[in-house]
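Chain by chain, the residues run as shown.
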Amino acid sequence: MNVKHIRSTLKTLFTRLVIPAAVAMSISAHAAQPLKIGYSDWPGWVAWQVAIDKGWFKEAGVAVDFEWFDYSASMDAFSAGKIDAVTMTNGDALVTGAAGGKSVMIMLTDYSNGNDMIVAKPGIKSLKELKGKKVAVEEGLVEHLLLLNGLKKAGMKESDVTLVNAKTNEMPQVLASGDVAAIGAWQPIAGQAMKAVPGSRPVYTSANEPGLIYDVLAVNPASAKQHKAEWLKVVKVWDHVVKYINDPKTQPDAVKIMAARVGVTPQVYLPLLKGTHLLSLADGRKVYVKAAGFGSLYGSSKVADDFNVANGVYKTHQDIDSYIDPSFTHAK
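Residues numbered from 1 in each chain as written. Predicted model: local features only at pLDDT ≥ 70, side-chain atom pairs only at ≥ 80, totals over all residues. Heavy atoms only, no water.

Novice: So what about the overall build of the protein? Which residues, and what values?
Specialist: Check the secondary structure of the protein and you find 16 helices and 11 strands. Along the three orthogonal principal directions, the C-alpha set of the protein runs to about 100 × 50 × 40 Å. Across the 332 residues that make up the protein, the buried fraction comes to 48%. Residue pairs in contact within the protein that sit at least 24 positions apart in sequence constitute 77% of those at least 6 positions apart. Carbon and sulfur atoms provide 56% of the accessible area of the protein, an area that totals close to 15,600 Å². Each charge class in the protein can be summarised by its mean position, and for the 36 positive and 31 negative side chains these summaries are 5 Å apart. (Helix = DSSP H or I, 4+ residues; strand = E, 2+ residues; numbered from the N terminus. Buried < 20%, exposed > 50% of the residue type's maximum accessible area, 1.4 Å probe, protein only. Contact = heavy atoms within 4.5 Å. Areas by Shrake-Rupley, 256 points an atom, 1.4 Å probe, with all protein chains shown as cover. Lys, Arg positive; Asp, Glu negative; His and termini not counted. Charge placed at Lys NZ, Arg CZ, Asp CG, Glu CD.)

Shown next, in the form of C-alpha cells:
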C-alpha cells in the first residue's frame, strides 16, 4: 500500500468515523444542556425549591438549572436570552413580549390570593379614604392594576388619587417616609412595609380580585418547540410540588424548604404561602379555557393588555393567543 493510498484511507476513516462521532458528541452535549429557568421571591415560584431539593427533576429525567434573581432582573435576563424560561405574571409576560422578549405561558403556578396589597398608613381603613391622597405604586406593574380595579369597584377613578412612582422593593421606606398615604406591594415586601409602619394595614388585596394576577412559567418559544419533551416533564413535576405542599403531612417540610430559600423561619413563611393559591395541572386546565373575565388566563391577560396600553406601558395591543400554549398543561 503506497503512502498516497494510506492517506486516502485515513481521510476516509476520519470522514466516516471521527467527524460523525464529533458531531454526535456535539449534539449530545447540546441536548445535555440543562433548561435554564429564572425564579424569584414569590411563594408560587419559591415552591419550585421543593422539587429542586427533593431531586424530583432528576427522577423525571430532565436536566434543569434554576437561577435565583430579583424579579425585574429575572425578566431582563430572559429578554437578553440568558435563560430559557422565567416565572412571572401573565401581565408582565405581555410587557416583556412587547419589548421584544416574547414568551409562551406553558403552565400556571398560582394566582395571587391576598399577597398583593394596597397598604395604607394608620387611620385609613378603605380605598375611599385615599381620595385626594398620594399612593405609591410601581407604575405599569401588577399593583398599579390592582389599585385601578379597586378604585373602580369603590366608584372612584385613578384621578381621585395622586400616583407616586416608586420601585416595589423600596415601598417599606416609602411608606415610612410619611410622604404617601398608601403603597402597593406584594409579599414579603408588603409585610415589611407594615412592620416598618406599625398600625398600617391592607385596604385592598388580590383576594378581592382572584384571577386578576396569574403567575406562570413563561418559556422562550423556540425552546418550548425544540425541547417540548423536556418541558412536559417539568410541567408534570409541578403537580408533585403542589400535592406535597398542600398535603398536611408533608406541608411542614415543604414550608421549611421554601422558608430556607428566602432566609426566614417557617413560622414567618407559612402566612405568605396562604396568600398564594397554588394551581395543580387539573386546576390549570380550567383556567386555560378561552373565556372573558378573571376565571380564564385569556380573559385575565386581555384585562392586563388593555391596562398596559391605556397606561402607556406599550403602544400596541398584544396577540393574547400567541402568548398562551395550553398543550403542555393539557397533555396526558
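Read on for the rest.
Novice: Lay out the sheet that holds strand E7 (residues 162-165) in plain terms, naming residues and giving numbers.
Specialist: As summarised here, the arrangement of the 5 strands in space is E7-E6-E8-E5-E9, forming an open sheet in which the pairing is mixed. Looking at which strands have only one partner, the edges of the open sheet turn out to be E7 and strand E9 (201-205). For this sheet, the mean angle separating the axes of adjacent strands, direction not counted, is 30°. Pairing analysis gives 5 bridges linking strand E5 (residues 116-120) to strand E8 (residues 182-186), with the strands arranged antiparallel. (Pairing = 2+ DSSP bridges. Axes fitted to C-alpha atoms, helices over the stretch in contact; angles between N-to-C directions.)

Novice: Which residues make up the pairing of strand E6 (residues 134-137), and what values do they have?
Specialist: Both E6 and E7 contribute to a ladder of 4 bridges, which runs parallel. Its bridge partner lying in E7, Lys134 is registered against Thr162. Handedness of the E6-helix H7 (residues 142-153)-E7 crossover: right-handed. Bridge analysis of E6 against E8 gives 2 bridges, and the strand direction is parallel. Looking across to E8, one finds that Val135 is bridged to Ala182. (Right-handed = clockwise from strand over helix to strand, strands pointing away.)

Novice: Before we move on, could you go through the pattern of salt bridges and cite the residues and values that matter?
Specialist: In this structure the tally under the stated criterion is 5 salt bridges. Among the ionic pairs, Glu138 bridges to Lys167, the shortest N-O distance being 3.7 Å. On the criterion of sequence distance, the pair formed by Glu138 in the loop between E6 and H7 and Lys167 in the loop between E7 and helix H8 (171-176) is long-range, its members being 29 residues apart. The exposure class of Glu138 is buried, given its relative accessible area of 16%. Measuring nitrogen to oxygen at the nearest pair gives 2.9 Å for the salt bridge that ties Asp306 to Lys302. In this pair, Asp306 and Lys302 both sit in helix H15 (residues 297-310), 4 residues apart, roughly one turn of the helix. (Salt bridge = Lys/Arg side-chain N within 4 Å of Asp/Glu carboxyl O.)

Novice: Please give an account of the side chain of Asp116 that cites residues and values.
Specialist: Looking at the secondary structure, you find Asp116 in strand E5. Buried charge without a partner: Asp116 forms no salt bridge, and the closest opposite charge is Lys153, 15 Å away. Among the polar contacts made by the side chain of Asp116, one reaches the side chain of Ser112 at a distance of 2.5 Å. In this structure, Asp116 is in contact with Trp42, Val142, Glu143, Leu146, Ala185, Trp186, Tyr204, Thr205, Ser206 and Ile213, ignoring residues within four places of it in sequence. (Polar contact = N/O pair within 3.5 Å; in protein donor to acceptor, adjacent residues only side chain to side chain.)

Novice: Which residues make up the side chain of Asp239, and what are the values?
Specialist: Along the chain, Asp239 falls in helix H11 (residues 228-246). Of the side chains bearing the opposite charge, Lys243 lies closest to the buried Asp239, which forms no salt bridge; the N-O distance is 4.6 Å. In terms of polar contacts, Asp239 uses its side chain to reach the backbone amide nitrogen of Leu281, at 2.8 Å. Excluding its chain neighbours within four sequence positions, the residues that come into contact with Asp239 are Ser280 and Leu281.

Novice: Give a detailed account of the nonpolar core, specifying residues and quantitative values.
Specialist: Core analysis: the biggest nonpolar cluster contains 107 residues, and Ile183, Leu217 and Trp231 have the highest contact counts within it. For this core, the leading source of residues is H11, giving 9 residues. If we ignore the near neighbours within four places in the chain, the residues touching Leu217 are Ile37, Trp48, Ala85, Val86, Thr87, Val104, Met105, Ile106, Met107, Trp231 and Val234. (Core = buried A, V, L, I, M, F, W, Y, C linked by side-chain atoms within 4.5 Å.)

Novice: Any chance you could break down the packing of aromatic side chains for me, citing the residues and the numbers?
Specialist: Counted according to the given criterion, the structure contains 11 aromatic pairs. Summarising the aromatic geometry, the rings of Tyr39 and Phe66 are spaced 5.2 Å apart at their centres and angled 80° between planes, so their arrangement reads as edge-to-face. Placement of the pair is Tyr39 in strand E1 (residues 35-39) and Phe66 in strand E2 (residues 64-68), with a sequence separation of 27 residues. On the accessibility criterion, Tyr39 (3% relative accessible area) is buried. Note on Trp48 and Trp238: the rings are 4.8 Å apart at their centroids and 50° apart in plane angle, and the pair reads as tilted. Taken as a pair, Trp48 in helix H3 (residues 48-54) and Trp238 in helix H11 lie far apart in primary sequence, 190 residues in all. Like Trp48, the residue Trp238 is buried in the burial classification. The cationic tip of Lys228 hangs over the ring face of Phe328; the distance from NZ or CZ to the ring centre is 4.9 Å. Directly above the aromatic system of Trp68 lies the positively charged group of Arg261, at a separation of 4.1 Å from the ring centroid. (Phe/Tyr/Trp six-rings, centres within 6.5 Å; stacked < 30°, edge-to-face > 60°. Lys NZ or Arg CZ within 6 Å of the ring centre and 35° of its normal.)

Don't take any of this as a statement about function, it's just geometry.
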